Amino acid sequence: MKYLYIQTFGCQMNFHDSDQMAALLERSGYRITDDLAASDLVIINTCSVREKAEQKAHSFMGRLGKLKRERRVIIGIAGCLAQQWGKEFLARIPHLDFVLGTHNIHRLPEIVEEIEKSGTRVAETSFHEKVKSLEIYTPSRNGHVTSCVTIMQGCNNFCSFCIVPHLRGREESRPSGHIVDEIRRLAASGIREVMLLGQNVNSYGNTLAGSPGFPELLAMINDIEGVERIRFTTSHPKDLSEDLMKCFGSLEKLCEHIHLPVQSGSDRVLTRMNRRYTSEEYLEKVRTLRAYCPGISISSDIIVGFPGEEEEDFQKTIDLMEKVIFDTSFSFKYSARPGIVAQEFEGRVDEKTKSRRLSLLQAVQERHTLQVNRSLVGGIVDVLVESVSRNDAFEITGRSRSHKIVNFSGDSSSIGRIVPVRITAAFAHSLRGERESGREVTQC
Ligand code: SAH
Ligand code: SF4
Ligand code: F3S
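Since the structure is predicted, the reported quantities are computational estimates derived from the model, not experimental observations. (Residues numbered from 1 in each chain as written. Chains lettered and ligands numbered in written order. Predicted model: local features only at pLDDT ≥ 70, side-chain atom pairs only at ≥ 80, totals over all residues. Heavy atoms only, no water.)

Quick look at the site of ligand 3 now. Taken together, Cys11, Asn14, Cys47, Ser48, Val49, Cys80, Val164, Arg168 and Gln199 form the complete shell of residues around ligand 3. Here the shell around ligand 3 is composed, by residue class, of 5 nonpolar, 3 polar and 1 charged. For the shell around ligand 3, the domains that each give at least three residues are domain 1 (2-124) and domain 2 (139-255). (Near = heavy atom within 4 Å. Nonpolar A, V, L, I, M, F, W, Y, C, P; charged D, E, K, R; others polar. Domains from an automatic or database assignment.)

On to the site of ligand 1. Of all residues adjacent to ligand 1, which total 14 residues, the nearest are Phe161, Gln199, Gln263, Asp301 and Ser335. Within the contact set of ligand 1, an oxygen atom lies 2.7 Å away from a side-chain nitrogen or oxygen of glutamine 263. Protein chains shield 90% of the accessible area of ligand 1, which is 550 Å² for the free molecule. Within the residue set of the shell around ligand 1, elements represented by two or more residues are strand S13 (297-304) and strand S14 (328-333). Within the shell around ligand 1, the residues separate by chemical class into 6 nonpolar, 4 polar and 4 charged. Lining the shell around ligand 1 are residues from two domains, each supplying at least three of them: domain 2 (139-255) and domain 3 (268-375). (Polar contact = N/O pair within 3.5 Å; in protein donor to acceptor, adjacent residues only side chain to side chain. Areas by Shrake-Rupley, 256 points an atom, 1.4 Å probe, with all protein chains shown as cover. Helix = DSSP H or I, 4+ residues; strand = E, 2+ residues; numbered from the N terminus.)

Split by domain assignment, the protein resolves into domain 1 (2-124), domain 2 (139-255), domain 3 (268-375) and domain 4 (380-435). Distance between the C-alpha centres of domain 2 and domain 4: 26 Å. The interface of domain 2 with domain 4 comprises 12 residues on the first partner and 14 residues on the second. Between domain 2 and domain 4, the buried area comes to about 910 Å², and carbon and sulfur atoms account for 51% of it. Run the count over domain 2 and domain 4 and you get 0 salt bridges. Counting across the domain 2 and domain 4 interface gives 7 residue pairs in polar contact (both at pLDDT 80 or more). Of the residues in the side of domain 2 that touches domain 4, the class split is 3 nonpolar, 2 polar and 7 charged. (Contact = heavy atoms within 4.5 Å. Buried area = accessible area lost by both parts, 1.4 Å probe. Salt bridge = Lys/Arg side-chain N within 4 Å of Asp/Glu carboxyl O.)

Let us now look at the side chain of threonine 369. Among the secondary structure elements, threonine 369 is positioned in helix H13 (residues 351-375). On the accessibility criterion, threonine 369 (6% relative accessible area) is buried. Among residues more than four places away in sequence, those in contact with threonine 369 are Phe326, Asp327, Thr328 and Ala428. (Buried < 20%, exposed > 50% of the residue type's maximum accessible area, 1.4 Å probe, protein only.)

What follows covers the sheet that holds strand S11 (residues 229-233). Taken together, 3 strands build an open sheet; the order of strands is S7-S10-S11 and the sheet is parallel. In the strand order of this sheet, the two ends are held by strand S7 (146-150) and S11, each with one partner. When the angles between neighbouring strand axes are averaged without regard to direction, this sheet yields 25°. Pairing analysis gives 5 bridges linking strand S10 (residues 193-197) to S11, with the strands arranged parallel. Across the sheet, leucine 196 pairs through a bridge with phenylalanine 232, a residue of S11. (Pairing = 2+ DSSP bridges. Axes fitted to C-alpha atoms, helices over the stretch in contact; angles between N-to-C directions.)

Strand order in the open sheet formed by 6 strands is S2-S1-S3-S4-S5-S6, with parallel pairing between adjacent strands. Each edge of the sheet is formed by a strand with only one pairing partner; in this case those strands are strand S2 (30-32) and strand S6 (122-124). Strand-to-strand twist across the sheet, computed as the mean angle between neighbouring axes with direction ignored, equals 25°. Summarising the sheet, strand S4 (residues 74-78) and strand S5 (residues 98-100) pair through 3 bridges and their orientation is parallel. Among the inter-strand pairings, alanine 78 is bridged to a residue of S5, identified as leucine 100. Strands strand S1 (2-8), strand S3 (41-46) and S4 of the sheet are contacted by helix H2 (residues 51-70), whose axis makes an angle of about 170° with S3.

What follows concerns unusual backbone geometry. Peptide bonds are mostly trans, and most non-glycine residues show a negative phi. The omega torsion across threonine 233 and threonine 234 is 5°, close enough to zero to call that bond cis. Relative to the elements of secondary structure, threonine 234 occurs in the loop between S11 and helix H9 (242-250). Not every positive phi belongs to a glycine, and asparagine 274 is a case in point at roughly 60°. Position of asparagine 274 relative to the elements: it lies in the loop between helix H10 (267-272) and helix H11 (279-292). For asparagine 274, a relative accessible area of 29% puts it in the partly exposed group. For isoleucine 325, which is not glycine, the phi dihedral falls at a positive 55°.

Written as C-alpha cells, this is what we have:
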C-alpha cells in the first residue's frame, strides 16, 4: 500500500481540487493518510491570492526537505502558486519532483507513475481550452453528508486586485447534464447537501451555447431526489439577476444563504477595483434579496487598504456594513500580487493603517454577527447533522439552512438527518440548542 498526504491552502475550489487528486490517486493504489511521516507521496495544493497564503506554502515546502533527505518520497506542488511559477519551482526547490498547474489535475496519475518509474522531474502548467478536471468524479468522502460540485471554472472578471483569473484561466461552464448526473450519483451514495462551486456562479452558462442559465440549473438540481439542500458560492453582485434572487423564495431546497462579496463601500474604490457596481446598486440587491427571502443570511468579503483608499473611503465601507448587517464577513488587508492591475496604482496604504482598519472593521462585524445570532435565540431551526463533536460522543454538530453552526446533544445515529433544534444560546461563531420534536420550524 502507498500513502498520499495532501496539504491544502486556499479556497473551497482548491480543497475540492485536492479531493479530486485524492480520488484519482486512489484509483492508482494510493490511500490518503494524515501522517506526513508515513507518506510515499506528498502534494502541497497552493493558493496565491494573498502573500500570506504563499508564505504558508513555502514554509510547509521547507519542512519537506528534511523528509526527502531521510527517505524516498515523491513531492509535488499543485494549485495556483504552481501555475504561477511553473518550472521555475523545480530550479528553486531541489527536493521537488513535480509541478502541476490548475488545468492539469487529470494528468496527475500518469505524472506520478512516470516519476515512480524513472525519477524524472516534471512541470506541467499548460492551459487548455477545455479543462478535463471538470469531469473528474469525486465520490463523497467517508462519513460526509455534504459534497462540493464544480459547475464552472476560471473567471473573466479581472477585478484589479485579483490574481485568480491569471492562474485559473478563462471562464468555462460545465454542461448541465454532467452536473445533474454527478449530483444524482452523490445523492445515491448518501449525500444530502451539495455546494455548487465556481468563481462567479451567476454567469453560469454564458460560455456554453444553448446552456441553461444558473437559475434554470438550480431548478434542475432542486428536482433531484435524495438531495435535501443546495448551496452555491461565489456570486458576483453585478451578475446577481432578479431571476436568481427569486429562486431563494421559490426553490425549497435552496438554502437561505448567499455569499455576496462587496469588497468596499466606496464607489471610488469600487471603480478602481473594476467591480462594475456601486454601493447603492449593491444595497438595492440586498433589499431585493430580503424582499424575496426575509431572513436570508448574507456574508461578504471585504478588502481594506486597497491602493488609494482614504480614511473617508474606509468609513464608507463601515457605513455600508451598518446598513446591510452581514451575518459574517471575511476581511483582508490588500496584498500586492505580481501581475495584477492594482500593482500599478498609486497611493500605497501603509501596514499600520491597514491593520488598524482591519481590526476596526472586524470589531464591527463581530458586533453584527452576535446581533444576528442572538436574534435567533428562542426560535427553531432545521439542522443537518454533520458530525459528532471531537471531545464528546454525545455532542453533535451541524448547520442551519442559513449556514450557522449549531451544537446540541445527540449521538452519531443523527448524522445525515435534518432535525429541528430550538436555539438556546448564541456566540460569535456558533449557536447552541436543544432538539425539538414535533414542532414547526420558525426560522431559517
Ligand atoms: N471569486 C470569488 C473570490 C475569489 S478570492 C469572488 O469573486 O468572490 C476570495 C477573496 O479574496 C476575494 O473576494 C477578495 O476579498 C480577496 N482577495 C483577492 N485578491 C486579494 C488581494 N490581492 N489582497 C487581499 N485580498 C484579496
Ligand atoms: Fe477574482 Fe473578481 Fe474573479 Fe472573484 S470575480 S475570482 S475576485 S477576478
Ligand atoms: Fe482559490 Fe487561492 Fe487559487 S483563492 S482560486 S486557491 S489563488
